[in-house]
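Architecture at a glance
Residues per chain, in single letters:
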Amino acid sequence: TKPNLRDPDTWLPRDLFAAYCGPRSDGLLAYYDKAKAKRNMIVFSFDWLAFFLLPAWLGYRRQWVLWTTLVVTVAVLSIAASVARVKLPSGAFTGGLLAAGMMAQGSLLTTANGRYLKLKQQGLSDNAIRGDLANKASPHRGFALAGLAGAIVIQLLTVWLTSEQ
């Protein structure tokens, strides 16, 4: 049966989320508690880095699938608009990126919970799950720089490609 994600009793336990987030994750654990109290994984939150530099935050938290989805989507839409000769306003993606930044902690919890449920379905014990989840989203400054630099390079390439049109 499919778990009811509105029921926090079906979510990954707090200690496993802590293991997933790694050290220096008090803010994310506070977010977990807030989300659990509201019975919703996506609740209003604010993280300076996620709000202003989402690609850097995604790198910092090792969320490479989401980073790739975000950066490639912006690049593809920009190229498609150029090919179609559609002029995008300079702030075309700003609102969406700011909203995504405000939901970043929720996406982290959702990702961790999805992995937890998948491993639980495979019949793994909480200790085995803890080993699998451990530090998957632990903070890493070098990856934050890589996330930001990678996004900038891809956007510069996109600008170069679209200026050739």
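In short, a report on the structure.

Reading the values: the criteria
- Residues numbered from 1 in each chain as written.
- Predicted model: local features only at pLDDT ≥ 70, side-chain atom pairs only at ≥ 80, totals over all residues.
- Heavy atoms only, no water.
- Phe/Tyr/Trp six-rings, centres within 6.5 Å; stacked < 30°, edge-to-face > 60°.
- Buried < 20%, exposed > 50% of the residue type's maximum accessible area, 1.4 Å probe, protein only.
- Helix = DSSP H or I, 4+ residues; strand = E, 2+ residues; numbered from the N terminus.
- Salt bridge = Lys/Arg side-chain N within 4 Å of Asp/Glu carboxyl O.

1. Side note on the packing of aromatic side chains
The relative placement of two aromatic rings is captured by the distance of their centres and the angle of their planes. The tally for this structure, following the rule as stated, stands at eight aromatic pairs. Seen from their ring centres, Phe 46 and Phe 51 are 4.9 Å apart, and the 45 degrees between their planes marks the pair as tilted. What makes Phe 46 partly exposed here is its relative accessible area of 36%. Overall, Phe 51 belongs to the buried group, its relative accessible area being 17%. Consider the rings of Trp 48 and Phe 52, whose centres lie 5.6 Å apart with planes at 15 degrees: the pair is stacked. One end of the pair is Trp 48 and the other is Phe 52, both in helix α3 (residues 48-52) and four residues apart, which spans about a single turn. Overall, the relative accessible area of 61% leaves Trp 48 in the exposed class.

2. Overview of unusual backbone geometry
In this structure, Arg 39 takes a positive phi of about 60 degrees despite not being glycine. Summarising the element assignment, Arg 39 is placed in the loop between α2 (26-38) and α3. One non-glycine residue, Arg 85, lies in the positive phi region at around 60 degrees. Relative to the assigned elements, Arg 85 resides in the loop between α5 (64-83) and α6 (94-102).

3. Some points on the pattern of salt bridges
Under the definition given, this model contains four salt bridges. Here Asp 132 and Arg 115 are joined by a salt bridge, their closest N and O atoms 2.8 Å apart. With Asp 132 in helix α8 (residues 126-133) and Arg 115 in helix α7 (residues 104-121), the pair connects residues that are 17 residues apart, well separated along the chain. For Asp 132, a relative accessible area of 22% translates into the label partly exposed.

Interpretation note: all reported values are geometric properties and have no functional meaning in isolation.
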